[in-house]
Amino acid sequence: MHPISAQPTRLLTRQTRLIHASEGMRLRVVSGRLWLTQPNAEQDLFLGPGATIDLLQDWVVIGADAEPRSPVGSPDPYSEYQLVPLTAPVSHPAAWVVLWRMGIRLGRWVRASAAIASPGTR
């Protein structure tokens, strides 16, 4: 599983990640080059800096594309990307609010049922 973060995530050359994005995720390449493969896709994609793609399924694999080997002593080459949800998270009301609303509905139902059951006693 992949963490969702506004901070870029680094992948070293040939390193891969599995992304579950059935809820909808936008992947943006910050630096380097990423290889991306999706289930049932006819071909893989190679994405460069600034490229974005909306992911809508699970089991998406991304990897940092192989780059020429850097000289000894220099920092390892890497690629960076960001994942953000396509929709804002839904706010769930507190449990007491849900129970309070259910109580109001139950009270209305009981009053309506009583009025129907005894129409002559008003």
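The structure under discussion appears in the preceding block.
Reading the values: the criteria
- Residues numbered from 1 in each chain as written.
- Predicted model: local features only at pLDDT ≥ 70, side-chain atom pairs only at ≥ 80, totals over all residues.
- Heavy atoms only, no water.
- Patch = residues over 30% accessible without salt bridge, like charges linked within 9 Å, V, L, I, M, F, W, Y side chains within 5 Å.
- Areas by Shrake-Rupley, 256 points an atom, 1.4 Å probe, with all protein chains shown as cover.
- Salt bridge = Lys/Arg side-chain N within 4 Å of Asp/Glu carboxyl O.
- Helix = DSSP H or I, 4+ residues; strand = E, 2+ residues; numbered from the N terminus.
- Buried < 20%, exposed > 50% of the residue type's maximum accessible area, 1.4 Å probe, protein only.

Draft legend 1. Looking closely at a nonpolar patch on the surface. Together, Leu 106, Trp 109 and Val 110 give the surface a local cluster of nonpolar side chains, amounting to about 340 Å² of exposed area. Mapped onto the elements, Trp 109 comes out in helix H1 (residues 95-117). For Trp 109, a relative accessible area of 56% gives the class exposed.

Draft legend 2. Main features of the pattern of salt bridges. What the rule picks out here adds up to three salt bridges. In this structure, Arg 10 and Glu 80 form a salt bridge, with 3.1 Å as the shortest nitrogen-oxygen distance. Taken together, the positions of Arg 10 in strand S1 (residues 5-12) and Glu 80 in strand S8 (residues 78-85) put the pair 70 residues apart, joining distant regions of the chain. Using a relative accessible area of 49% as the deciding quantity, one classes Arg 10 as partly exposed. Overall, the relative accessible area of 14% leaves Glu 80 in the buried class. For the salt bridge of Asp 65 with Arg 33, the shortest nitrogen-to-oxygen distance reads 2.6 Å. Taken as a pair, Asp 65 in the loop between strand S7 (60-64) and S8 and Arg 33 in the loop between strand S3 (25-31) and strand S4 (34-37) lie far apart in primary sequence, 32 residues in all. We classify Asp 65 as buried; its relative accessible area is 18%.

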